[in-house]
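One-letter residues, chain by chain:
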Amino acid sequence: MPSLISTVFSSALLLSSVQVSEPAIAYATVEEQRLEAAWQAMPQVLSRFEPLVNNLRLELQHTEHSRDLAPRLRQHGEQLWQQATYQARTNPNYDDRALYWARLMMTQTLRQWCQQHQPCVHLPVLLEALELSSRGQLTIRFAKDSDVRILLTGFDPFLLDRNLNQSNPSGVTALMLDGWVFQQDGRQIEVQTAMIPVRFADFDQGMIEQLLTPLLSEQSIDLLLTVSMGRQHFDLEHFPGRRRSAEAPDNLNVYTGGSASNPVLPLLDGTPLAGPEFVAYSLPYQAMVQAEGRFHINDNRSVTTLERGEFAAQSLTELADQTAVQGGGGGYLSNEISYRSILLRDRYAPKLPVGHIHTPRIAAFEPETTAAIVQQIKQMIRLAAASHPQAAEADSDK
């Protein structure tokens, strides 16, 4: 599988829509080009991890060659992730934005350094080391004494050209629950998390497959929850669909290329993603919908197909001859991460509970609402863990 970041990097430069004279800015992705406006709009957010960004700048000032830089960049990325998750757990402000913008400051700093040290042939590898480590994707390690191991993924803030101040409750959840350990039914439950970019190119180049395949094929996890921001209440997306049809752009201002009348297939390593039109949620939704909190939790079975339009599906059999326009999670990356993860589950670990949680949406940065969302997700996780076969074993032992 080719490098993810090399393709994302090339696409980002080609798709950059802002042309300015300064070399450092012209050599920036669409996401990085928002940094100047973000500094003006919310300096208190962008300055939160500025010391870590400055540490990277200082190290690069004393670096002449890129060939041995990847391990050190991984250390910088891991330090950023660890600092962000530690602050989220110990001094919760229900804010994921500082991590997102600090990562962009780091990638822009690296790009500027490479521009001054041409030819910088190792840039794709260096970006990959920094990106993946700062997302927690390289440090998913469970304790040996954990009986139930849960992986949860969240997303970056998105639609930033509509609201630069946007936060994402799924990202906050990932930051706050990384390393969460609790006891239930005589068993130790551990949660590890990772952050996912809102970029089609990363998905097309196999980021989700690279992250999840080792964990599923080696049976390293017992439950998998993907989380994103969605609608008015919680939705447990019962039937993810295969195709893209949403009109919204990703964070590089790339569009799906699909529509309601012409949904398109995502890619995997340059070829259309193979699989059925719909797959099915396998987390214990009957238990999870009972989680108490501020919001209602829906078992969302709504789908849209070319043949029947929108309807509530009751089984995969009912969807066998349908062409997906929207799965329960829509026609965007929220739906797609669920589809890809369940597709991998079906291939490597058919009995693994896997599913997607769409959180209630927030307008920009709403810490009180986000706090309520995180607490209700924690209740869902407890209920899901209690329904896990290992929990049932614990009950039978009593």
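Calculation rules
- Residues numbered from 1 in each chain as written.
- Predicted model: local features only at pLDDT ≥ 70, side-chain atom pairs only at ≥ 80, totals over all residues.
- Heavy atoms only, no water.
- pLDDT = per-residue confidence, 0-100.
- Contact = heavy atoms within 4.5 Å.
- Helix = DSSP H or I, 4+ residues; strand = E, 2+ residues; numbered from the N terminus.
- Expected span 1.5 Å × (residues − 1).
- Buried < 20%, exposed > 50% of the residue type's maximum accessible area, 1.4 Å probe, protein only.
- Disulfide = S-S within 2.5 Å.
- Phe/Tyr/Trp six-rings, centres within 6.5 Å; stacked < 30°, edge-to-face > 60°.

Averaged over every residue, the pLDDT of the protein chain is 91; the share at 70 or more is 91%. When the criterion is pLDDT under 50, residues 5-26 qualifies, and its contacts beyond four places in sequence or with other chains add up to 35 contacts. Note that pLDDT drops below 50 for residues 391-398; the model gives that stretch 10 contacts with residues more than four away or on any other chain.

Next up on the list: helix H8 (residues 123-134). Its 12 residues place the ends of H8 16 Å apart at the C-alpha level, agreeing with the 16 Å of an ideal helix rising 1.5 Å per residue. Most of H8 sits inside the fold, with 10 of its 12 residues counted as buried. The complete set of buried residues in H8 reads Leu-123, Leu-126, Leu-127, Glu-128, Ala-129, Leu-130, Glu-131, Leu-132, Ser-133 and Ser-134.

Let us look at the state of the cysteines. In protein structure, a disulfide is the covalent linkage between the sulfur atoms of two cysteines. Inspection of every chain in the model, using the stated rule, returns one disulfide. The disulfide that involves Cys-114 links it to Cys-120, with 2.1 Å between the sulfurs. Each member of the pair, Cys-114 together with Cys-120, is buried.

Turning our eyes to something else, we now look at the packing of aromatic side chains. Applying the stated criterion across every chain yields a total of seven aromatic pairs. Residues Tyr-100 and Trp-101 carry aromatic rings whose centres are separated by 5.0 Å and whose planes lie at 80° to one another, so their mutual orientation is edge-to-face. Here Tyr-100 and Trp-101 have matching classes, each one buried. Consider the rings of Phe-158 and Tyr-332, whose centres lie 6.1 Å apart with planes at 35°: the pair is tilted. Linking Phe-158 in the loop between strand S1 (148-155) and helix H9 (169-177) with Tyr-332 in the loop between strand S11 (324-326) and helix H13 (333-348), this pair joins segments that are 174 residues apart in sequence. Accessibility expressed as a relative area gives 14% for Phe-158, which makes it buried. By relative accessible area, Tyr-332 is classed as buried at 11%.

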